[in-house]
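# Descriptive structure summary
Each chain, letter by letter, is given below.
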Amino acid sequence: MTKRPIFASLLLLSSALVAPAALAQDASAEPAADAPPAADEAAADDTTAPEEEADVSIPGGADQEIVVTGRYTPNIVRATPEVVSSLSSADIARTGEGDISGSLQRVTGLSVVGGGFVYVRGLGDRYSLALLNGSPLPSPEPLKRVVPLDIFPTNVIDSTLVQKSFSVNFPGEFGGGVINLTTKATPRETFLTFSGGIGWDSETTNELGYTYYGSDTDWTGFDDGTRDVPPLLSAALKSGKPILEGADFSQDDLEAIEMELVNAETSLLQQNDHIPVNWSAGITGGTTIQLPDGELGIIATAGISNKWRTRDTLQQTSVNDDLSGDPQTSYNRVITDNRVVVNGLLGFGLELGDHKIRWTNLYIRDTLKQARLALGTDANQSDRDIMKQDTAWYERQLINTQLVGEFKFDRLKLDLRGAYANSQREAPYERGFTYVRTNQPGDPVGDKFVNDLGGNRGDATIAFSDLNEDLWSGGVDLSYELAPRISATVGYAYTDTHRISERRTFQFRASNLPIEVQQLRPDYLLSDATIQLYDISLLETSAQDGTAAFDANLTTHAGYAQVQAELVSGVNVNAGVRYEEAKQTVVPIDLFGTGSSAIVETNLNNDYWLPAVTLTWEVAPDMQLRVNGSKTIARPQFRELVAQVYQDPESNRLFRGNPSLTDSELWNAEARYEWYFDRDQRLTVAGFYKSIDNPIETYTSISDSSVNSSYANAPKATLYGAELEVQKYLPLDTLSESPFWQSRRLVLIGNYTYTKSEIKVGDGDTTVINGVVQNAANFFFDGAPLTGQSDHLVNFQIGLEDQDKLSQQTLLFTYASPRVTSRGPSGQPDLKEKPGIQLDFVARQGINLLNKEIELKFEARNLTGRTYKEVQEAGDNRIFFNRYKLGRTFSLSASLKF
């Protein structure tokens, strides 16, 4: 008998670390559909039994038997030689969240900041990398190159893996970590599931809000063509000339363009005293077809959700360093959002022996219909009340198709992956109207709101913007088992990202409008009759807002090599180096041929050697210690590099880029202790440190009573901290002999992260703003924390669950301490967000009715009724940039499986 020792888990490590897609697919493995939740977790979660020696006898011929001796490590998190956290399908289901960003905020060291952007260990979303089945994703956000994770419904995501220590098979833009989303795998049995739900928001549902008509099909997230750019305006936009009265456009031309614009449907704000309920619906199905040498799996899912949210906000600014006195501006603004998300997934999986090929296609459309009404004051316009109303329609769309192949040939493993993704964002008919009331005795309209269209009593604006981004990516990894317990990998990765963005803005202008016309509501003020009778003109202001359009490219080539080996019994090393070169260009498009010197291009052409090493020591059969060191980078995002104004609908703030930004470089170190003290249970403690050269930070300025944010490189920053995570299950069968308690257990899951960061600013340090070298101390305080970093993050889950059938009741507690959202205007304190405490409750119950599986789910969110605050503080003085009450939400949903 011949013995051939094989390091079994090494093959798992190779599969996991060489190809991110392989890790994602392995991590998402599920038991049969009728398995209870506990079995689901044992198969997919990171809480399996300690590794153990195993001898497996395999027939080797007439007179020969081969005995394979290896170390069996079924736990993905434990088997990989990197610091990772995972969310299995069971974990995602337990949290009950509707999108994946909500589930991720339960992971140790992760927090979610406005709009679904994930911060890892206090580092902003620019330092985090999102992958889908191992391939990069484009972003539909003008401000970001990072995709917002709140657009991914949980019904299309099977599992999520967060790797916090860098390994060279991942892209070099790895500051905080990588988040690999895995779409639902092909099923093991044929099934069809229908689902639906309704929800209630205490601050929104059946309460006062504002909306506007738009089009007949807005409820689907698709416009029926009402908001299409009219023919005359479309031709004018393509003319290469600014649209204003002069040699190229006559007053008659401009009036014809104005009258062709859709008016009342997009400009008339309507009060709704009974905002509708939230609702969702979905369908998922799949089957497996047996083939002579393998099987073909097919899965498809489609869903739609329609949600409303009203925020009654207080928004203020100050121009005083100590924030003393009355605010410069102060508005009470009611904002109503109607958000519709439509998604679909179609996946194919072909397995032929040891070879696997997967083709996944994903479609997501996220539409926001927004209406805003504000009343307030501005110190620059004393003795006046100001009323502002805005209507907007934002379409975000992501289409992704990817092909992944895993081929195994004895000791040789080949992984191939290729993907194409397209993201779009369209914002047609962004309309804004400002009316003023003087309140002055003797003024004929002192007690009435008026809009004189461009004088000193109001204005009217309209904007059209469009963004399109294409991303091609591909990669190949070749792994070979050099010797027992030694594996080597070489690989190549390529990405090409191309983005084009254009934003055209206009003002309606008039002179000497009669008082009775100035008092008209918006749709009458810009009616065809008013335009013609009073010669209302159209003035393009795109050039005033910086460049109106830009063309951006980022192309990367990377080669890498790594070795995974067991140095001595129980001590493993994963070491490698990545060479990555990138060319990033952002070219403002001179639409009007002015040759303006203010149009600045960005051309970054850099290459880096990025080493990484992780050492894992099995201290005891159920304990291990990891140590990691690496170098990574962070690049400026496209939108941060171009001086084009963008209105963020979430914060109601204007953003403008800085073409002088440069790459950030990070040195990372980490150590983590892991104790798997029982099946499904663990304790981990970690410490981490990062040194960052040229971190990119957001700063804020105030001009003409408008709040503007931009970006600059700080000289240096450091970040360090510690994490603690505990997962414990307590059987409850000892409480009573009642059958109810015999299969139930108490679930205790908690984690805490402490993070401290400091920006370093010394004498003589500088930063470059739009090509001008300036004193860094004018933008950054020495010792100030990085934007987005909370000192304390706490997550705790306590629940009951049945191990034999679906029955879960979970209370979820989340706390994040205050964090900086932006550097304050020169001399002022930083802007800080105070997330506070959130308490949620989720209950899931499975029942069998007429031999059909039904799952019922009840969710209660924000039970403490917390208030969102983004505030500046100086002593007892406070300025609220944003303050509003978050509603308590309650929802009930059901799914029926055939």
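Look above for the structure.
As the structure is a prediction and not an experimental result, all values here were calculated from the model.

## Considerations on the overall build of the protein
- A count of helical and extended segments in the protein gives 13 helices and 45 strands.
- Looking at the protein as a whole, 57% of its 898 residues qualify as buried.
- Counted over contacts in the protein with a minimum sequence separation of 6, partners at least 24 positions apart contribute 73%.
- Accessible area for the protein stands at about 34,500 Å²; split by element, carbon and sulfur atoms hold 55% of it.

## Brief notes about the nonpolar core
- Counting 27 residues, the largest nonpolar core has Leu233, Ile243, Leu453, Phe506 and Phe508 as its most contacted members.
- For this core, the secondary-structure elements that each account for two or more residues are α7 (231–237), α8 (251–260), β19 (412–437), β20 (459–483) and β21 (486–509).
- Those residues in contact with Leu233, other than ones at most four positions away along the chain, are Ile243, Ile257, Glu260, Leu261, Phe464 and Phe506.
- Among the nonpolar cores identified, the runner-up in size contains 21 residues, and Ile92, Leu132, Ile299 and Leu345 belong to it.

## Looking at the pairing of β19
- Note that strand β18 (residues 385–409) and β19 share 22 bridges and pair antiparallel. By the bridge assignment for β19, Glu406 is matched with Asp415.
- What sits between the antiparallel neighbours β18 and β19 is a turn of 2 residues, in which Asp410 has the positive phi angle 55 degrees.
- Looking at chain direction, β19 and β20 are connected through 21 bridges and run antiparallel. Considered in β20, the bridge of Phe433 is made with Ala460.

## Section: unusual backbone geometry
- The residue Asn133 is not glycine, and still its phi comes out positive at about 55 degrees.
- Structurally, Asn133 can be placed in the loop between β7 (128–132) and β8 (135–136).
- Even without being a glycine, Leu323 presents a positive backbone phi close to 65 degrees.
- One can find Leu323 in the loop between β15 (294–317) and β16 (329–352).
- We classify Leu323 as buried; its relative accessible area is 2%.

## A few points about the pattern of salt bridges
- Inspection of every chain in the model, using the stated rule, returns 42 salt bridges.
- A salt bridge links Arg437 to Asp385, with the nearest nitrogen and oxygen atoms 2.9 Å apart. Taken together, the residues span a long stretch of sequence, with Arg437 in strand β19 and Asp385 in strand β18 at a distance of 52 residues.
- For Arg672, the salt bridge is made with Glu674, and the minimal N-O distance between the two is 2.9 Å.

## Things to note about the packing of aromatic side chains
- Applying the stated criterion across every chain, the model contains 15 aromatic pairs.
- Arranged with centres 5.6 Å apart and planes meeting at 25 degrees, the rings of Phe348 and Trp359 form a pair that is stacked. A residue pair is termed long-range when its members are at least 10 positions apart, and Phe348 in strand β16 and Trp359 in strand β17 (residues 355–378) qualify at 11 residues.
- The rings of Phe166, Phe170 and Phe174 are connected pair by pair, giving a single aromatic cluster.
- The ring of Tyr331 carries the charged tip of Arg333 above its face, separated from the ring centre by 5.6 Å.

## Quick notes on α8
- Looking only at α8, the buried set comprises Gln251, Leu254, Glu255, Ile257 and Glu258. Looking straight down α8, one finds its buried side chains confined to an arc of 160 degrees; they lie on one side.

## So, the sheet that holds strand β9 (residues 157–163)
- In spatial order, the strands read β4-β9-β10-β7-β8; together these 5 strands make up an open sheet with mixed pairing. The open sheet terminates on both sides in strands that have one partner only, identified here as β4 (84–87) and β8.
- Both β7 and strand β10 (residues 177–183) contribute to a ladder of 5 bridges, which runs parallel. Note on β10: the bridge partner recorded for Leu131 is Asn180.

## Examining empty space enclosed by the protein
- Evaluated as defined, the whole model comprises 12 cavities of 30 Å³ or more.
- Here the second largest cavity is characterised by a volume of approximately 230 Å³.
- The wall of the second largest cavity is formed by 20 residues, among which Leu87, Arg106, Arg682, Glu725 and Ile749 lie closest to the centre.
- For the lining of the second largest cavity, the secondary structure elements donating two or more residues are β4, α5 (89–95), β33 (716–731), β34 (744–760) and β37 (792–802).

Criteria and thresholds
- Residues numbered from 1 in each chain as written.
- Predicted model: local features only at pLDDT ≥ 70, side-chain atom pairs only at ≥ 80, totals over all residues.
- Heavy atoms only, no water.
- Helix = DSSP H or I, 4+ residues; strand = E, 2+ residues; numbered from the N terminus.
- Buried < 20%, exposed > 50% of the residue type's maximum accessible area, 1.4 Å probe, protein only.
- Contact = heavy atoms within 4.5 Å.
- Areas by Shrake-Rupley, 256 points an atom, 1.4 Å probe, with all protein chains shown as cover.
- Core = buried A, V, L, I, M, F, W, Y, C linked by side-chain atoms within 4.5 Å.
- Pairing = 2+ DSSP bridges.
- Salt bridge = Lys/Arg side-chain N within 4 Å of Asp/Glu carboxyl O.
- Phe/Tyr/Trp six-rings, centres within 6.5 Å; stacked < 30°, edge-to-face > 60°.
- Lys NZ or Arg CZ within 6 Å of the ring centre and 35° of its normal.
- Arc of directions from axis to C-beta.
- 1 Å grid on protein atoms, 1.4 Å probe; cavity = no way out; pocket = protein on both sides within 12 Å on 5 of 7 lines; lining within 4 Å.
- Points joined across faces, edges and corners; volume = space filled by probe spheres on them.

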